Structures are given as structure tokens and as C-alpha cells.
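Below, each chain spelled out in residue letters.
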Amino acid sequence: MGRKILGIVVGWITGSAIFLIFQMVASRYGIEPRNMWHMSQGEITSYMSSRPMTVYVIVLIGYYIGSVIGGWMTSKISQHRESFVPPLIVGVFFTLYGVLNCFVMFPGQPVWFEAASLIGYIPFVLVGHKLSRWG
């Protein structure tokens, strides 16, 4: 039981760190406002809808890579190669993060980006789980 929990925590932290790295890289392609945390909801929506598509593509790639690596780490650490439940839990956490990201913290992102990110977390975590079984 302890290895499962450790695997879930490490997989979630690793995947989240990769998300943040890709978000930092993507921020180089758009001008980030200095006072974003002091902006109103309407100003955030307007800003998010004006960002270039390159930013969203880079972030989406980061979400997918982070999900794969998070699922892989979870499976490797939990040592439950036949059980996909620990990586699935990580995928659910990522999906909940995505819902908060898209609809609460940063509304106004393109619909294609919201849909692609929310649909992609769980399948890509399971891909990471499958890859862990090969090694």
C-alpha cells in the first residue's frame, strides 16, 4: 500500500513539474502580463484568448509528455505492473487540475485546447503505464 501511495505522489509531482517546464517554455512565445494575479476574470479571459496558438500547442505537448512520464513513474514506483489503478488515479488528478486550469483559474483558452487537454490526460497516463511494463 505504501509503494502505491508513493508512486502516485511521485508520478503526480513529476508530471506536474514537466507541465510547469513546458508552460515556462511556452511563455517565451507570448508576453506575460506582470500583474496577472491582480487581473479581473474578464481581463484574464481577454488575455488568454489573445495568446498565439504556438503557446497552446507547446503547453499541450507538455501535458501529454508529463502525463506519459507521470504514468510511467507511478507504475515503476508502485511496482504494480498489471494494475492500472495507481496511474489512473494520477490521470484523474491531472484531469481535475485541467478542469481547474481551463474553467476556474484561466478561462478564455481556446475550446480545442481545453478539449484536447481534458481528453488527453488519462489515455496518456495509461500509455506511460504500458511503457513501464516493457522495461
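Conventions and cut-offs
- Residues numbered from 1 in each chain as written.
- Predicted model: local features only at pLDDT ≥ 70, side-chain atom pairs only at ≥ 80, totals over all residues.
- Heavy atoms only, no water.
- Axes fitted to C-alpha atoms, helices over the stretch in contact; angles between N-to-C directions.
- Helix = DSSP H or I, 4+ residues; strand = E, 2+ residues; numbered from the N terminus.
- Parallel < 35°, antiparallel > 145°, perpendicular 65-115°, else oblique.
- Left-handed = near helix turned anticlockwise from the far one by under 90°.
- Contact = heavy atoms within 4.5 Å.
- Nonpolar A, V, L, I, M, F, W, Y, C, P; charged D, E, K, R; others polar.
- Expected span 1.5 Å × (residues − 1).
- Buried < 20%, exposed > 50% of the residue type's maximum accessible area, 1.4 Å probe, protein only.
- Core = buried A, V, L, I, M, F, W, Y, C linked by side-chain atoms within 4.5 Å.

Peer 1: Provide a residue-level description of the packing of helix α1 (residues 2–26) against helix α4 (residues 85–105), including the pertinent values.
Peer 2: Where α1 meets α4, the closest approach of the two axes is 9 Å, and the angle between their N-to-C directions is 40°. In terms of orientation, α1 lies oblique with respect to α4. Note on packing geometry: the crossing formed by α1 with α4 is right-handed. Facing Lys4, Ile8, Gly11, Trp12, Gly15, Ser16, Phe19 and Gln23 of α1, the residues of α4 in contact are Pro86, Ile89, Val90, Phe93, Phe94 and Tyr97.

Peer 1: Quick one: what's the story with the packing of helix α3 (residues 53–78) against α4, residue by residue and with numbers?
Peer 2: Packing of α3 against α4 brings their axes to within 8 Å, and their N-to-C directions diverge by 150°. The orientation of α3 relative to α4 falls into the category roughly antiparallel. Considering only the axes of α3 and α4, their crossing is right-handed. Across from Tyr63, Gly66, Ser67, Gly71, Thr74, Ser75 and Ser78 in α3, the residues of α4 making contact are Pro86, Pro87, Val90, Phe94, Tyr97 and Asn101. In terms of residue class, the contact of α3 with α4 is built from six nonpolar, seven polar and no charged.

Peer 1: So what about helix α5 (residues 111–134)? Which residues, and what values?
Peer 2: Since the α-helix turns once every 3.6 residues, residues separated by three or four places project in the same direction. Compared with the 34 Å implied by 1.5 Å per residue over 24 residues, the 35 Å span of α5 between its first and last C-alpha is a close match. Along α5, the residues classified as buried are Phe113, Glu114, Ala116, Ser117, Gly120, Tyr121, Val125, Gly128, His129 and Ser132. For α5, the secondary structure elements touched by its buried residues are α1, α3 and α4.

Peer 1: Residue-level account of the environment of His80, with values.
Peer 2: Within the element layout of this structure, His80 appears in the loop between α3 and α4. Take His80: its relative accessible area is 30%, and that puts it in the partly exposed class. Linking His80 and Pro52, residues 28 residues apart in sequence, is a C-alpha distance of 41 Å.

Peer 1: Can you explain the environment of Gly128? Please cite residues and give values.
Peer 2: Examined against the element boundaries, Gly128 turns out to sit in helix α5. Residue class for Gly128 comes out buried when judged on its relative accessible area of 0%. Sequence separation between Gly128 and Thr74 is 54 residues, and the spatial gap between their C-alpha atoms is 8.7 Å. Contacts of Gly128, omitting those with residues within four sequence positions, involve Val68, Gly71 and Trp72.

Peer 1: How would you sum up the nonpolar core? Please name residues and give values.
Peer 2: Met48, Tyr63, Phe94 and Phe113 are the most contacted members of the largest nonpolar core, which totals 20 residues. Elements supplying a minimum of two residues to this core: α1, α2 (41–50), α3, α4 and α5. The element that contributes the greatest number of residues to this core is α3, accounting for six residues. Not counting chain neighbours up to four residues away, the residues in contact with Phe94 comprise Gly11, Trp12, Gly15, Ser16, Phe19, Gly66, Ser67, Tyr121 and Val125.

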